[in-house]
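# Structural characterization, general
Listed here are the chains, written in short residue letters.
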Amino acid sequence: MKRALLWFRHDLRLDDHPALLRAAEAKEHLICLYCVEPRWFVADNWQCQRVGAHPWRFILEALSDLNQRLEALGQRLVVQVGDPLTVIPHLMRNHWIDKLIITAPFGEEERQQYLSLQHWLGPRRCEVHQAHTLFTLDQLPFALSDLPGTFSQFRKAVKGLDWRPIAPPVKSLPPPLPIGSHALPAATIEPNRHYHGGQSAGEAHLGHYFSSDAPKQYKLTRNALDDWESSTKLSPWLAQGCLSPRRVMAELEKYEAQHGANESTEWIGVELLWREYFQWTALAHGTRLFAFSGTAGVRRPTSFYPERFARWCQGQTPYPIVNASMRQLNCTGFLSNRARQLVASALVHELGMDWRYGAAYFQQQLIDHDVACNWGNWQYLAGVGADPRGWRHFDLEKQTELYDPERRFIRRWQGEAAAAMDSQDSVGWPVKA
Ligand SMILES: Cc1cc2nc3c(=O)[nH]c(=O)nc-3n(C[C@H](O)[C@H](O)[C@H](O)COP(=O)(O)OP(=O)(O)OC[C@H]3O[C@@H](n4cnc5c(N)ncnc54)[C@H](O)[C@@H]3O)c2cc1C
């Protein structure tokens, strides 16, 4: 292999990166490419953009960090705006590139893009390496078509499987080619104090979290609505691939070896397995991840109500806990797992909405948007996915008593004020059961 093109997507790091290691073997030149697709910023069938202002800021930061790391190895990141199916063939033809190398995608659209490129180039000029999950496909003790139908079966099946090895660090890279980057749309929001995109910030946060006492309390605190140390907060870096799940698992094991394991530290591993399960589910089910009847093929009596949807997005419903959560999401691009469950349940059960509008809005807003985790969790809550209990309806008042008994979270994000404002108008909210 003389010249290679490494297409970065959700693997914006140099650490634990088998595709990069392979690309480093190119004898003459390497192009490190990131494609920004114009369609990410256009409203889709569900009236939302693929990438909203919060995730876009995080991605820009991650790209800048990646470029700095590549420059330290004599390389640089080429960022081009356009459809990868046009950009990549053009670069490969014009620069005599032998091989396209990527990290295996789990989302259906990304997979289809890769398959189209493979069709055009021929299989011998394309290479896929796995690094978005703990396990590789051939490590799984079942064929993908036999993926267990529930998380508990999956967890049992992969118990004891070794997720190692972590890929060794890349020491040098072939030189770049003289290819320019395009100007990118600037971030429209201020940097976030906690969440800065990129491997450097991700590693700093990982190190900080596992040098604190927080992992020992994780199982007791993980349901908190609004507290920085209550859960790991690693998801944004995992979603953009600034951190690899194997690196996180290695840090968890190191922590357990030094400080002892308990139920809480073990539970962090269980949550990483949830992430893993949703990735393989997405791969196994393809387009069914976005289907109204889900992977379970169940049709639920929901529909689309434009006014209700708009109010849910803005945090102006009759439900203070939902309003507070949606306002936090809109302001920060992040939401705790508990709050995600509550607003999703409210959209489906209280407002009678097609779950996919909620998933699409999350996709636009979340800095940790991950196609498999987001759409898989929405399916789960909407009763059309991998949930043996189906159709989960949270009692919002009881949940408020449990997780926000003093209404601090609601006050902080002005959930009551929004609910009061709303009760004065006539959206035609469904009557409470
Ligand atoms: C409706 C809905 C949508 C969601 N959308 C996303 C999404 O787009 N991206 C995303 O990463 N997570 C998503 N989740 C899962 C979960 O809410 C977040 O991973 C978690 O809140 C992130 O915070 P944390 O890193 O502190 O998680 P922790 O509680 O510290 O968990 C550690 C890691 O385990 C993984 N994890 C935890 N819970 C889940 C879960 N339920 N499903 C899959 N992986 C999990 C994440 O990678 C997380 O970073 C969604 C959950 C719901 C209910």
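Everything here concerns the structure above.
So, a few notes on the structure that sits alongside this text.

## Let's talk about helix 3 (residues 84-94)
The periodicity of an α-helix, 3.6 residues per turn, causes residues three or four positions apart to be oriented the same way. Buried within helix 3 are the following residues: P84, I88 and M92. Here the buried residues of helix 3 occupy an arc of 50° about the axis, which is enough to place them on one side. Across from the buried face of helix 3, at angles greater than 90 degrees, the exposed residues are T86, H90, R93 and N94. Packed against the buried residues of helix 3 are strand 1 (3-8), strand 2 (29-36), strand 4 (99-103) and helix 4 (108-121). Backbone geometry just after helix 3 places W96 at a positive phi near 55°.

## Digging into the site of the ligand
In the vicinity of the ligand lie 29 residues, with S231, T232, S235, N374 and N377 positioned nearest. Secondary structure elements with two or more residues in the shell around the ligand: helix 8 (235-239), helix 10 (263-285), helix 13 (337-350) and helix 15 (371-382). Counting residues per element, the shell around the ligand draws most heavily on helix 10, which supplies six residues. Taken together, the residues of the shell around the ligand sort by class into 13 nonpolar, nine polar and seven charged. Two domains each put at least three residues into the shell around the ligand: domain 2 (199-285) and domain 3 (306-423).

## A word on the nonpolar core
One finds L5, L6, C32, L33 and L347 to be the most contacted residues of the largest nonpolar core, which totals 110 residues. Ranked by the residues each element gives to this core, the list is headed by helix 15, at eight residues. Not counting residues within four places of it along the chain, the set of residues in contact with L5 comprises I31, L33, I88, L91, M92, I97 and L100.

Thresholds, definitions, all that
- Residues numbered from 1 in each chain as written.
- Predicted model: local features only at pLDDT ≥ 70, side-chain atom pairs only at ≥ 80, totals over all residues.
- Buried ≥ 20, exposed ≤ 12 C-beta atoms within 10 Å, placed from the backbone.
- Helix = DSSP H or I, 4+ residues; strand = E, 2+ residues; numbered from the N terminus.
- Arc of directions from axis to C-beta.
- Contact = placed C-beta atoms within 7 Å.
- Near = placed C-beta within 6 Å.
- Nonpolar A, V, L, I, M, F, W, Y, C, P; charged D, E, K, R; others polar.
- Domains from an automatic or database assignment.
- Core = buried A, V, L, I, M, F, W, Y, C linked by C-beta atoms within 7 Å.

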